[in-house]
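Understanding the architecture of this molecule
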Amino acid sequence: MIRCICIDDIARPNDIPLSKWVKEGEEYHIIFATIVLPQGVLAFQLHEIDLDETCYPFQYFSAYRFAIDFKDRERLEKLVMDSAEANEFYRQVIMS
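Below you will find a few notes about this structure.

1. Focus: the overall build of the protein chain
Scanning the protein chain from terminus to terminus reveals 1 helix and 5 strands. Along the protein chain, helices and strands appear, N-terminal first, in the series β-β-β-β-β-α. Within the protein chain, the proportion of its 96 residues that are buried is 32%. For the protein chain, long-range pairs separated by at least 24 residues make up 54% of all intrachain contacts whose partners lie at least 6 apart in sequence. Entry remark: accessible area of the protein chain is about 6700 Å², with carbon and sulfur atoms responsible for 56%.

Take a look at the structure:
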């Protein structure tokens, strides 16, 4: 898990209830990272908030909403790579 701070909580999609929305200034922990489509941006899954099927189509929070300590940069890069490998493995299993 990688610690982050929410720096942008504006423009909450209507599909996500307020109880499952991030709050500016609050600390969260990143557990998964992926590129979301069609936007093609990095997004995070957080330990503290479960965006379940009631929030569909939203499953992740855009990375631009968070600040991460520079000392955690390498850990974040590794998490992004590990998450990409997990996504690729999942795609291969589903497609076979």
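Now that the structure has been shown, the text picks up again.
2. Some thoughts on the pairing of strand S2 (residues 27-36)
Where strand S1 (residues 2-6) meets S2, 4 bridges bridge the pair, whose relative direction is antiparallel. What sits directly across from Ile-5, in S2, is Glu-27. Note: S2 against strand S3 (residues 41-46), 6 bridges, orientation antiparallel. Bridging across to S3, Ile-30 finds its partner in Leu-46. The hairpin turn running from S2 into S3, its antiparallel successor, is 4 residues long, and Gly-40 in that turn takes a positive phi close to 70°.

3. Structural notes on the side chain of Arg-65
As for its placement among the helices and strands, Arg-65 is situated in the loop between strand S4 (61-62) and strand S5 (66-67). Given the relative accessible area of 5%, Arg-65 is considered buried. Excluding anything up to four places from it in sequence, Arg-65 contacts Ile-5, Cys-6, Ile-7, Asp-8, Asp-9, Ile-10, Ala-11, Trp-21 and Val-22.

4. Considering the packing of aromatic side chains
For the structure on display, the rule yields 5 aromatic pairs. Pairing Trp-21 with Phe-61 gives two aromatic rings, centres 5.6 Å apart and planes at 55°, and the pair type is tilted. Of this pair, Trp-21 sits in the loop between S1 and S2 while Phe-61 is found in strand S4, placing the two residues 40 residues apart along the sequence. By relative accessible area, which is 2% here, Phe-61 ends up buried. Seen in terms of ring centroids, Phe-32 and Tyr-60 are 6.2 Å apart; in terms of plane orientation they differ by 25°. Their pairing is stacked. Here the residue Phe-32 occupies a position in strand S2, and Tyr-60 occupies one in the loop between S3 and S4, the gap between them amounting to 28 residues. Given the relative accessible area of 24%, Tyr-60 is considered partly exposed.

Definitions and limits used
Residues numbered from 1 in each chain as written. Predicted model: local features only at pLDDT ≥ 70, side-chain atom pairs only at ≥ 80, totals over all residues. Heavy atoms only, no water. Helix = DSSP H or I, 4+ residues; strand = E, 2+ residues; numbered from the N terminus. Buried < 20%, exposed > 50% of the residue type's maximum accessible area, 1.4 Å probe, protein only. Contact = heavy atoms within 4.5 Å. Areas by Shrake-Rupley, 256 points an atom, 1.4 Å probe, with all protein chains shown as cover. Pairing = 2+ DSSP bridges. Phe/Tyr/Trp six-rings, centres within 6.5 Å; stacked < 30°, edge-to-face > 60°.

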